[in-house]
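# Overview (structure and organization)
This is what each chain is made of:
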Amino acid sequence: MSGDNGPKYTFQFLDGRKFPSFDTKENKEFFLKWSMKGRLCVQMFSFDQPFQPYQKDDFAKNFMKDPNVISNLRMISGDKWTVVGIPATSVTAEPVPCSVLSMTFFDRLTENNVVRESGHISKCFDEFCGEFTISDELRKMLLIDDSDNYCLYSDSERDEFLFRIFFHICLGGRFNQYEDEIQPYLDVTKQVYKDLI
């Protein structure tokens, strides 16, 4: 339920909504190569009340308890997609900033030799971070907080929606076949961001 004075949001599942960045032949091949095929799901819901950022907690609670959401929102369980099916007992909402609107945001990767002028990602000696084998400066910059280039992006910049998409695309899934060049990661990031915004 929403707070005593806040609106009660209701939601409709937009079942026919298409997201072109997930459906192109080229991107499907990339998602397969990056071990993300079958592990990505994008869904859209509409809502019926005006929204202000201070209402995020009510909004999230209403969303995770709405019958149209719990009967349609998909989650992955093991290797299979299934609907959530039950209302949430507690919900925490975290704002994700979307203030970065240009791919020039990633120019500093080249300016700091994470990526060479040619577009090739700079290699490094293998390191390990959790389940990741890190063999290049890009993944090192993304994952190892005491690496030389981690500070190229501040914590607030790493919170940006554009950076989060880039992060996930670069790291991929469990059997990811990494790219040697940066451009495919940038192209797919841009397309997904544009689709989701």
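Fair warning: this is a prediction, and the values are worked out from it, not measured in the lab. (Residues numbered from 1 in each chain as written. Predicted model: local features only at pLDDT ≥ 70, side-chain atom pairs only at ≥ 80, totals over all residues. Heavy atoms only, no water.)

### Remarks on the overall build of the protein
Which entries qualify depends on this criterion: Secondary structure is summarised from DSSP: a helix means a run of H or I of at least four residues, a strand means a run of E of at least two, and numbering begins at the N terminus for each. Relative accessibility decides the category of a residue: with a 1.4 Å probe and only protein chains considered, values under 20% of the type maximum give buried, values over 50% give exposed, and everything between is partly exposed. Here a residue-residue contact requires only that any non-hydrogen atoms of the pair lie within 4.5 Å. The protein chains shown are the only cover counted for residues, whose accessible areas, like all others here, come from Shrake-Rupley with a 1.4 Å probe. Only four residue types enter the charge count, namely Lys and Arg as positive and Asp and Glu as negative; His and the chain termini do not. A charged residue contributes its charge at one atom only: NZ of Lys, CZ of Arg, CG of Asp or CD of Glu.
Each helix and strand in the protein was counted, giving 9 helices and 6 strands. For the protein, the spread of C-alpha atoms along the three principal axes comes to 55 × 35 × 30 Å. Buried residues in the protein amount to 35% of all 197 residues. Long-range pairs, those at least 24 residues apart, make up 65% of the contacts in the protein between residues at least 6 apart in sequence. When the accessible surface of the protein is split by element, carbon and sulfur atoms take 52% of a total near 12,300 Å². Each charge class in the protein can be summarised by its mean position, and for the 23 positive and 31 negative side chains these summaries are 7 Å apart.

### A word on the packing of aromatic side chains
The cut-off we apply is this: Centre distance within 6.5 Å is the pairing criterion for rings of Phe, Tyr and Trp, where only the six-membered ring of Trp is used; planes under 30 degrees apart are then read as stacked, over 60 as edge-to-face, and the remainder as tilted. A ring has a charge above it when a Lys NZ or an Arg CZ is no more than 6 Å from the ring centre and no more than 35 degrees off the ring normal.
Tallying each qualifying case throughout the model produces 22 aromatic pairs. Both rings, one in Phe31 and one in Trp34, keep their centres 6.4 Å apart while their planes meet at 80 degrees; by these two values the pair is edge-to-face. Seen in terms of ring centroids, Phe161 and Tyr193 are 5.8 Å apart; in terms of plane orientation they differ by 45 degrees. Their pairing is tilted. One end of the pair, Phe161, is in helix H8 (residues 161–171); the other, Tyr193, is in helix H9 (residues 183–196), and 32 residues separate them in sequence. Taken together through their ring pairs, the aromatic side chains of Tyr9, Phe11, Phe13, Phe45, Phe47, Phe51, Phe59 and Phe63 make up a single cluster. Of note, Arg17 hangs over the ring of Phe19, and the distance from its end group to the ring centre comes to 5.0 Å. The cationic tip of Arg158 hangs over the ring face of Tyr150; the distance from NZ or CZ to the ring centre is 3.6 Å.

### Describing the pairing of strand E6 (residues 132–136)
Defined as follows: By the convention used here, strands pair only if DSSP detects at least 2 bridges between them.
Bridge analysis of strand E5 (residues 123–129) against E6 gives 4 bridges, and the strand direction is antiparallel. Bridging across to E6, Glu127 finds its partner in Ile134.

### Digging into unusual backbone geometry
Glycine aside, residues mostly have negative phi, and peptide bonds are mostly found in the trans state. Of note in the backbone geometry, Ser35 takes a positive phi value of approximately 60 degrees without being a glycine. Unusually for a residue other than glycine, Asn113 sits at a positive phi of about 65 degrees. Secondary-structure assignment places Asn113 in the loop between helix H5 (107–111) and E5. Overall, Asn113 belongs to the exposed group, its relative accessible area being 57%.

### Structural notes on the side chain of Asp136
To be explicit about the condition: We call two N or O atoms a polar contact when they sit within 3.5 Å, provided that within protein one can donate a hydrogen and the other can accept it, with sequence-adjacent residues counted only if both atoms are side-chain atoms.
Mapped onto the secondary structure, Asp136 falls in strand E6. A polar side-chain atom of Asp136 sits 2.6 Å from a polar atom in the side chain of Arg139. Here Asp136 is in contact with Ile121, Ser122, Lys123 and Cys124, once residues within four sequence places are set aside.

### Some details on the side chain of Ser35
Tracing the backbone through its elements, the reader meets Ser35 in the loop between helix H2 (25–33) and strand E2 (45–47). Setting aside anything within four residues of it in sequence, one finds Ser35 in contact with Gly173, Arg174, Phe175 and Asn176.

### Observations concerning the packing of H2 against H9
Threshold: Axis angles are defined between N-to-C directions and span 0 to 180 degrees, where every axis is a line fitted to C-alpha atoms and, for a helix, only to the segment in contact. If you view the pair so one helix is near and one far, a crossing is left-handed when the near helix is turned anticlockwise from the far one by less than a right angle, and right-handed when it is turned clockwise. Three residue categories are used. Nonpolar comprises Ala, Val, Leu, Ile, Met, Phe, Trp, Tyr, Cys and Pro, charged comprises Asp, Glu, Lys and Arg, and polar comprises the others, including Gly.
In the contact formed by H2 and H9, the axes pass within 11 Å of each other and the chain directions differ by 115 degrees. H2 and H9 meet at a crossing whose hand is left-handed. Here Asn27, Phe30 and Phe31 of H2 lie close against H9, whose contacting residues are Pro184, Val188, Gln191 and Val192. Considering only residue class, the contact of H2 with H9 consists of 5 nonpolar, 2 polar and no charged.

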